[in-house]
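Reading the structure
Here is what each chain is made of, one letter per residue.
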Amino acid sequence: MPSLPKYITSECVRRVLKMEDLIPVVETAMANFSKGKEGGVVQPPRQFLPYQDNGGYLLLMAASSNKDRAVSTKLVSRFFQNGDTDKVVRQDIVIYTDPTDGLIKAIMDAEDLSLMRTAAASAVASKFLAPKDSKILCLLGCGGMAKAHHTALNCIYDFKQTRVWSRTFANAQRFASEIKAEACESAEHAAKDADVIVTATWTTTPILQYQWVKPGAHINCIGAVRPNKQELSTELMQSAIVYADSKASAMAESGDVIISKAEIHGEIGDLVNGTVEAHRDKTTVFKSQCTAKIGRASCRERV
């Protein structure tokens with residue numbers, strides 16, 4: 001009888017997994033993904049299952065990598081009505097499987113892992129696309145994703161100023177105090193002259209406008225992963241050079257891409273592989289769709 005899988009808590013993830021170690025792992029994973037068959041990655045389209053009549057949903061994402069000898073499956077549950085109760089709104093679980101014998105090796109509480117590997121992917125994108133002398137960071141959104149991005153992006157650039165914004169100014173003030181940043185009452189003020197901008201919100205309509213972004217800035221667009229949601233205005237998306245972690249996923253699922261009809265120039269893995277040009281001199285957007293392959297690499301890093 002096989003032994004029970006190891007269970008890894010979020011506390012263990014926070015204690016063991018370090019952002020500076022994770023970023024190069026994610027960079028390699030993105031490179032392998034964009035190599036296609038040569039990269040040895042298999043990643044079926046993720047499955048979206050709505051919870052009937054209440055606005056919640058279940059996501060199922062799976063990926064395997066021959067080079068890493070690993071298979072993982074991620075389950076993401078979102079139940080927004082729990083926000084008015086003592087129950088959690090989100091749960092993230094990763095199941096890590098050994099492809100040599102098909103046995104489940106570990107089950108991981110993946111909320112912190114999800115935040116860290118998404119931020120690490122943005123750090124890789126920013127490494128290739130943001131101005132080399134980036135000094136001003138803007139965070140639109142003040143939740144765990146924004147905090148993870150603050151940590152990851154400061155591993156890449158030595159920011160001299162960080163500005164934060166939230167729809168609720170008190171939340172922006174709280175978050176700003178926590179990370180020693182400036183709280184802004186408007187997204188426009190927060191984005192003014194910023195070199196790197198992160199949008200990490202649950203919004204369904206654009207919160208960042210074209211005229212607020214200085215030419216040559218880089219934007220990591222994290223939210224709006226469903227076809228009916230946008231974080232960036234159509235004008236901004238159409239004027240920028242857009243990259244994605246997965247071009248196919250972004251074209252099928254990202255409202256920012258679908259609604260604006262913006263062209264995707266390439267994948268971040270293509271930048272790592274040197275097969276697509278990095279346009280640092282122009283305004284760029286990284287549209288993150290949080291691919292399972294990157295999560296699998298993050299999981300294997302510490303299992």
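Since the structure is predicted, the reported quantities are computational estimates derived from the model, not experimental observations.

Rules used throughout
- Each chain carries its own residue numbering, running from 1 in the written order of its sequence.
- With the structure being a predicted model, the display of local features is reserved for residues of pLDDT at least 70 and the display and counting of side-chain atom pairs for 80 or more, all residues being used for whole-chain, interface and lining totals.
- Water and hydrogen atoms were dropped before computing side-chain values, which therefore reflect all heavy atoms in the structure.
- We define a salt bridge as a contact between a side-chain nitrogen of Lys or Arg and a carboxyl oxygen of Asp or Glu at a distance within 4 Å.
- A helix here means a DSSP run of H or I that spans at least four residues, while a strand means a run of E at least two residues long, and both kinds are numbered starting from the N terminus.
- The rule is simple: take the accessible area with a 1.4 Å probe, protein chains only, and divide by the maximum for that residue type; under 20% is buried, over 50% is exposed, in between is partly exposed.
- Any two strands between which DSSP finds at least two bridges are classified as paired.
- Between N-to-C directions, angles span 0 to 180 degrees; the directions come from axes that are lines fitted to C-alpha atoms, helices contributing only their stretch in contact.
- We call two residues in contact when some of their heavy atoms are within 4.5 Å.
- Within this scheme, the nonpolar core is defined by two criteria: the residues are buried Ala, Val, Leu, Ile, Met, Phe, Trp, Tyr or Cys, and they are joined through side-chain atoms within 4.5 Å.
- How far a helix is expected to stretch is found by multiplying one less than its residue total by 1.5 Å.
- To sort the angles, those under 35 degrees are grouped as roughly parallel, those over 145 as roughly antiparallel, those from 65 to 115 as roughly perpendicular, and the leftovers as oblique.
- A clockwise turn of the near helix away from the far one marks a right-handed crossing, whereas an anticlockwise turn of less than a right angle marks a left-handed crossing.
- Nonpolar residues are Ala, Val, Leu, Ile, Met, Phe, Trp, Tyr, Cys and Pro. Charged residues are Asp, Glu, Lys and Arg, and all others, Gly as well, are polar.
- Each Phe, Tyr or Trp ring (for Trp, its six-membered ring) is paired with any other whose centre lies within 6.5 Å, and the angle between the two planes then decides the class: stacked below 30 degrees, edge-to-face above 60, tilted in between.
- Think of it as a cone above the ring: NZ of Lys or CZ of Arg counts as a charge over the ring if it is within 6 Å of the ring centre and within 35 degrees of the ring normal.

Applying the stated rule across the entire model yields 12 salt bridges. A salt bridge links Arg78 to Asp92; the nearest nitrogen and oxygen atoms lie 3.1 Å apart. Of this pair, Arg78 sits in strand S5 (residues 70-78) while Asp92 sits in strand S6 (residues 90-97), placing them 14 residues apart in sequence. Arg78 sits in the buried class, given a relative accessible area of 8%.

Despite not being glycine, Lys180 shows a phi value in the positive range, around 60°. As for its placement among the helices and strands, Lys180 is situated in the loop between helix H5 (169-179) and strand S10 (182-184). Exposure remark for Lys180: the relative accessible area of 76% places this residue in the exposed category. Positioned with a positive phi, Ala224 is a non-glycine residue whose angle comes to about 55°.

Attention now goes to the sheet that holds strand S12 (residues 218-221). Taking strand neighbours across the sheet as the criterion, the eight strands line up as S10-S9-S8-S11-S12-S15-S13-S14 in an open arrangement whose pairing is parallel. Whereas interior strands pair on both sides, the edge strands pair on one side only; in this sheet they are S10 and strand S14 (264-267). If you compare each strand with its neighbour and ignore which way they point, the axes differ by 20° on average. Here four bridges tie strand S11 (residues 196-199) to S12, and the two strands are oriented parallel to one another. The partner of Thr199 across the bridge, within S12, is Cys221. This element, H5, spans strand S8 (136-140), strand S9 (161-165) and S10 of the sheet and lies at about 165° to S10.

Now for the environment of Thr9. With respect to the element layout, Thr9 can be found in the loop between strand S1 (6-8) and helix H1 (10-16). When the C-alpha positions of Thr9 and Asp195 are compared, they lie 36 Å apart, and in sequence the two are 186 residues distant.

Okay, the pairing of strand S7 (residues 104-109) next. Residues in a regular strand project their side chains so that they alternate between the two faces of the sheet. Sheet analysis places S1 next to S7, joined by three bridges and oriented parallel. Paired with Tyr7 across the strands is Ile107, a residue of S7. As judged from the five bridges shared by S6 and S7, these two strands associate in the antiparallel manner. Residue pairing in the sheet places Thr97 in a bridge with Ile104 of S7. Once S6 ends, the chain turns through six residues before running back antiparallel as S7, passing Gly102 with a positive phi of about 75°.

Here we take up the nonpolar core. Of all hydrophobic cores here, the largest spans 51 residues; its most connected members are Met19, Val164 and Ile268. In terms of residue count, the dominant contributor to this core is helix H3 (residues 111-129) (11 residues). By size, the runner-up hydrophobic cluster in this structure holds 27 residues, among which are Ala190, Ala194, Met237 and Val257.

Next up on the list: helix H2 (residues 19-34). With 16 residues, H2 extends 22 Å from end C-alpha to end C-alpha; this agrees with the ideal 22 Å at 1.5 Å per step. Immediately downstream of H2, the backbone of Gly36 shows phi near 70°, a positive value.

So, about the packing of H3 against helix H4 (residues 144-153). Following both chains from N to C, one finds H3 and H4 inclined at 45°, their axes separated by 8 Å at the closest point. With respect to H4, the axis of H3 lies oblique. With respect to the hand of their crossing, H3 and H4 are arranged in right-handed fashion. Together, Leu115, Thr118, Ala119, Ala120, Ser122, Ala123 and Ser126 of H3 and Gly144, Met145, Ala148, His149, Ala152 and Leu153 of H4 make up the contact between the two elements. Tallied by class, residues from the contact of H3 with H4 come to eight nonpolar, five polar and no charged.

All told, the structure shown has five aromatic pairs when counted by the stated rule. Taking the centre distance of 6.1 Å and the plane angle of 55° together, the rings of Tyr57 and Phe80 count as tilted. Of this pair, Tyr57 sits in strand S4 (residues 57-65) while Phe80 sits in the loop between S5 and S6, and the two are 23 residues apart along the sequence. Exposure remark for Tyr57: the relative accessible area of 9% places this residue in the buried category. For Phe80, a relative accessible area of 34% translates into the label partly exposed. One aromatic cluster is present, formed by Phe48, Tyr57, Phe80 and Trp202 through successive ring pairs. Sitting over the face of the ring of Phe48, Arg226 holds its NZ or CZ atom 3.8 Å from the ring centroid.

By themselves these figures say nothing about function.
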